[in-house]
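# Chain and residue survey
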Amino acid sequence: MGKQIGIYGSGTIGACQATLTSGNGYPTVVVGHSKAGLIRCRETICQNWDDLIAEGLATEANKKAAMALVTITNDPTSLVGSCIVFEAVAEDADVKEAVYRQVTEHCGRDVIVASTTSSIDASLLAERIENSSRFLIAHPFQPVHMLPLVEVVRHKQTSDETTKTVCTLLKDLNRQVVVLNRSVPGFLVNRFAQALFRESIYLIEQGVSTAEDIDRAIKYAMGMRYASIGLLEYYDAVGFELERAIALNVYPDLCNTKEIQKTTLDGLASGHTGQKAGRGLYDWAKKDADDFRRRKQSPYFEGVRLWRMPE
């Protein structure tokens, strides 16, 4: 059995992180605030296990044993004894700073703190914590327990020991780790995603194609290709000569707006803001929510077979 893992934040990220750690035999403490939030956290973890059981990737015994390893509480003193604390609270530096104070108060100045932030600069958060050498970002992707990539983002004061310890744990959890030596907005993956989102919305607004056909192009060309080879492996395979010729034709026509696009602004104004609102680029009333949740997880099912599930 592994050392205790602490998770401060009982939302979706915290719940899925707890599913992953407890599912690999680590005693896990999740600290939240509201009673309702703690209940939702437990329900999310249970739903995660039920999904794995439905796919034949886990058993009821695995679920029961893993749930026994999880403590969900609003008492931060329960973090005492944690080797690492993952911070998974709101994207607000002041809120995170308050969490860092509590973690330091109860666990000391040397316990490693890894923020799951997707947008705040590592150096800015490092200013909010005592002994910043023990701090870095470990940014996961949803669903956290299924999608294996984690972006580990250092800042100038992050110690090599901190980086090594976090990366060792993540690799023990069968995560694929990429390390950034400093923060850039969006880190790696969200930078790539925003470039695709901007171009896709542009093509819709120009009447070139539809959301459905753009998604089909991404899924059955780029998605399938880059699931087996790397983006830059492909660049090398095509060769610089041909890529230069393509770039000369395409670069001048790419969307380069730095403003939020009309489609997004109109959606915000009308309340058609995406899945939770029932309508965005798609009419979600026409989609099967359970099917969508399964499709989000399905590429990663085989990775679950590598878990060391408690029994």
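Above this text you will find the structure in question.
Not measured: the values here are computed from a predicted model.

On to the overall build of the protein chain. In terms of helices and strands, the protein chain carries 13 helices and 8 strands. For 311 residues, the compact-globule estimate of 2.2 N^0.38 gives 19 Å, and the C-alpha radius of gyration of the protein chain, at 21 Å, lies within 12% of that figure. Projecting the C-alpha coordinates of the protein chain onto the three principal axes gives extents of approximately 60 × 45 × 45 Å. Classification of the 311 residues of the protein chain by burial places 40% in the buried group. Partitioning the contacts of the protein chain with sequence separation of at least 6, the portion at a separation of at least 24 is 68%. A total of about 17,300 Å² of accessible surface is found on the protein chain, and carbon and sulfur atoms cover 54% of it. Where the 35 positive side-chain charges of the protein chain centre and where its 38 negative ones centre are 2 Å apart.

Moving on, we get to the packing of helix H1 (residues 12–23) against helix H2 (residues 35–54). At a closest axis distance of 9 Å, the pairing of H1 and H2 adopts a crossing angle of 55°. If you check the angle between H1 and H2, you find them oblique. Crossing of H1 against H2: the hand is right-handed. Mapping the contact onto sequence places Ala-15, Cys-16, Ala-18, Thr-19 and Gly-23 in H1 and Cys-41, Thr-44, Ile-45, Asn-48 and Trp-49 in H2. When grouped by side-chain class, the residues that make up the contact of H1 with H2 number 6 nonpolar, 4 polar and no charged.

An α-helical turn contains 3.6 residues, so a residue and the one three or four places further along point in the same direction. Burial runs low along helix H9 (residues 231–238): only 0 of the 8 residues are buried. Count one or two residues on from H9 and you reach Gly-239, which has phi positive near 100°.

Quick look at the sheet that holds strand S8 (residues 176–180) now. Overall, mixed pairing links the 8 strands, which are arranged S3-S2-S1-S4-S5-S6-S7-S8 in an open sheet. Each edge of the open sheet carries a strand with a single partner, namely strand S3 (70–73) and S8. Strand after strand, the sheet turns through a mean of 25° between neighbouring axes, direction not considered. When strand S6 (residues 135–139) meets strand S7 (residues 149–153), the two strands line up antiparallel, connected through 3 bridges. Bridge assignment links Ala-138 to a residue of S7, and that residue is Val-152.

Moving on, we get to a nonpolar patch on the surface. Residues Leu-242, Ile-246, Val-250, Tyr-251 and Leu-254 make up a contiguous nonpolar surface patch of about 460 Å² in total accessible area. Position of Tyr-251 relative to the elements: it lies in the loop between helix H10 (240–250) and helix H11 (262–270). Here Tyr-251 falls in the exposed class, since its relative accessible area comes to 60%.

Two elements in contact, H2 and helix H3 (residues 60–68), have axes separated by 9 Å at closest approach and are oriented at 155°. By the angle between their directions, the pair H2 and H3 is classed as roughly antiparallel. For the pair H2 and H3, the crossing hand works out as right-handed. Judged by residue contacts, Arg-42, Ile-45, Cys-46, Trp-49, Asp-50 and Ile-53 of H2 engage Glu-60, Asn-62, Lys-63, Ala-66 and Met-67 from H3.

What counts as what
- Residues numbered from 1 in each chain as written.
- Predicted model: local features only at pLDDT ≥ 70, side-chain atom pairs only at ≥ 80, totals over all residues.
- Heavy atoms only, no water.
- Helix = DSSP H or I, 4+ residues; strand = E, 2+ residues; numbered from the N terminus.
- Rg over C-alpha atoms; globule rule 2.2 N^0.38 Å.
- Buried < 20%, exposed > 50% of the residue type's maximum accessible area, 1.4 Å probe, protein only.
- Contact = heavy atoms within 4.5 Å.
- Areas by Shrake-Rupley, 256 points an atom, 1.4 Å probe, with all protein chains shown as cover.
- Lys, Arg positive; Asp, Glu negative; His and termini not counted.
- Charge placed at Lys NZ, Arg CZ, Asp CG, Glu CD.
- Axes fitted to C-alpha atoms, helices over the stretch in contact; angles between N-to-C directions.
- Parallel < 35°, antiparallel > 145°, perpendicular 65-115°, else oblique.
- Left-handed = near helix turned anticlockwise from the far one by under 90°.
- Nonpolar A, V, L, I, M, F, W, Y, C, P; charged D, E, K, R; others polar.
- Pairing = 2+ DSSP bridges.
- Patch = residues over 30% accessible without salt bridge, like charges linked within 9 Å, V, L, I, M, F, W, Y side chains within 5 Å.
- Salt bridge = Lys/Arg side-chain N within 4 Å of Asp/Glu carboxyl O.

Purely geometric numbers; function is a separate question.
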